[in-house]
Amino acid sequence: MFDEAEYLRWIGSAHKTLESAQRDHEDGDYNWACFKAHQAADKALKAILWGVGKPKTGHSLVHLLSHIAQELGVDVSGEVREACMALSKFYTITRYPDAWSEGMPEEYFSARESEEALRHAKMILDWVEGLWRKLSGKG
């Protein structure tokens, strides 16, 4: 049984978070764009899990994706897996000064990294939406 309302709530939040990440990128707040790209992907992956009634906690995109693959028996492309691996690294180091021996997170992220993070997040959201259409029979 599918919970479309819960899926839509999570995927809607994922899209809003990605839009916010894009604004951060445009404002030069690259660390925050990277973090929010992670968060958008996190919410998208959890959207599927909530939608199929198998929610999972945690913020490792790699583990959330593995859980989806195992629980739903779906194949995951290398591209999606790589995107999750790249974004998972942004969960802590983008926010906390003590993640760095010197300076603060705002000094360590570039426009290029931010653009790549946004691309990865968009790919994951697109993959999740395609998977949902396939699973729910709405596509």
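A.B. asks: Give a detailed account of the overall build of the protein chain, specifying residues and quantitative values.
C.D. replies: When helices and strands are tallied, the protein chain shows 6 helices and 0 strands. Counting from the amino terminus, the protein chain carries its helices and strands in the arrangement α-α-α-α-α-α. On C-alpha atoms alone, the protein chain measures out to a radius of gyration of 15 Å, which is about the 14 Å that the 2.2 N^0.38 rule sets for 139 residues. C-alpha atoms of the protein chain, sized along the principal axes, occupy 50 × 25 × 25 Å. Residue pairs at least 24 apart in sequence account for 64% of intrachain contacts in the protein chain once pairs closer than 6 positions are excluded. Positive and negative side-chain charges in the protein chain, numbering 17 and 22 respectively, have mean positions lying 7 Å apart.

A.B. asks: Can you break down the environment of Lys56 residue by residue, with the values?
C.D. replies: For Lys56, the location among the structural elements is in the loop between helix H2 (30-51) and helix H3 (61-72). C-alpha of Lys56 to C-alpha of Tyr96: the two residues are 40 residues apart in sequence and 25 Å apart in space. Those residues in contact with Lys56 that sit more than four places away from it in its chain are Lys46, Leu49, Leu64 and His67.

A.B. asks: How would you sum up a negative patch on the surface? Please name residues and give values.
C.D. replies: Judged by side-chain charge, Glu26, Asp27, Asp29, Glu106 and Glu107 come together as a negatively charged surface patch. Tracing the sequence through the fold places Asp29 in the loop between helix H1 (4-26) and H2. For Asp29, a relative accessible area of 33% gives the class partly exposed.

A.B. asks: Got a sec to walk through H2? Specific residues and values, please.
C.D. replies: Between its terminal C-alpha atoms H2 stretches 31 Å, which fits the 32 Å expected from 22 residues at 1.5 Å a residue. Positioned one or two residues after H2, Gly53 has a phi angle of 80°, which is positive.

A.B. asks: So what's going on with the pattern of salt bridges? Residues and values would help.
C.D. replies: By the definition in use, this model includes 6 salt bridges. We note a salt bridge from Lys54 to Glu71, for which the minimum N-O separation is 3.2 Å. Residue Lys54 is located in the loop between H2 and H3, and its partner Glu71 is located in helix H3; the two are separated by 17 residues in the primary sequence. Given a relative accessible area of 33%, Lys54 falls into the partly exposed group. Classification of Glu71 as partly exposed rests on a relative accessible area of 37%.

A.B. asks: I'd love a proper account of the side chain of Asp24, names of residues and values included.
C.D. replies: When you line up the elements, Asp24 lands in helix H1. Assessed through its relative accessible area of 11%, Asp24 is described here as buried. Here Asp24 is in contact with Asp29, Trp32, Ala33 and Lys36, once residues within four sequence places are set aside.

Definitions and cut-offs
Residues numbered from 1 in each chain as written. Predicted model: local features only at pLDDT ≥ 70, side-chain atom pairs only at ≥ 80, totals over all residues. Heavy atoms only, no water. Helix = DSSP H or I, 4+ residues; strand = E, 2+ residues; numbered from the N terminus. Rg over C-alpha atoms; globule rule 2.2 N^0.38 Å. Contact = heavy atoms within 4.5 Å. Lys, Arg positive; Asp, Glu negative; His and termini not counted. Charge placed at Lys NZ, Arg CZ, Asp CG, Glu CD. Patch = residues over 30% accessible without salt bridge, like charges linked within 9 Å, V, L, I, M, F, W, Y side chains within 5 Å. Areas by Shrake-Rupley, 256 points an atom, 1.4 Å probe, with all protein chains shown as cover. Salt bridge = Lys/Arg side-chain N within 4 Å of Asp/Glu carboxyl O. Buried < 20%, exposed > 50% of the residue type's maximum accessible area, 1.4 Å probe, protein only. Expected span 1.5 Å × (residues − 1).

The quantities given are spatial measurements derived from coordinates; they are silent on function.
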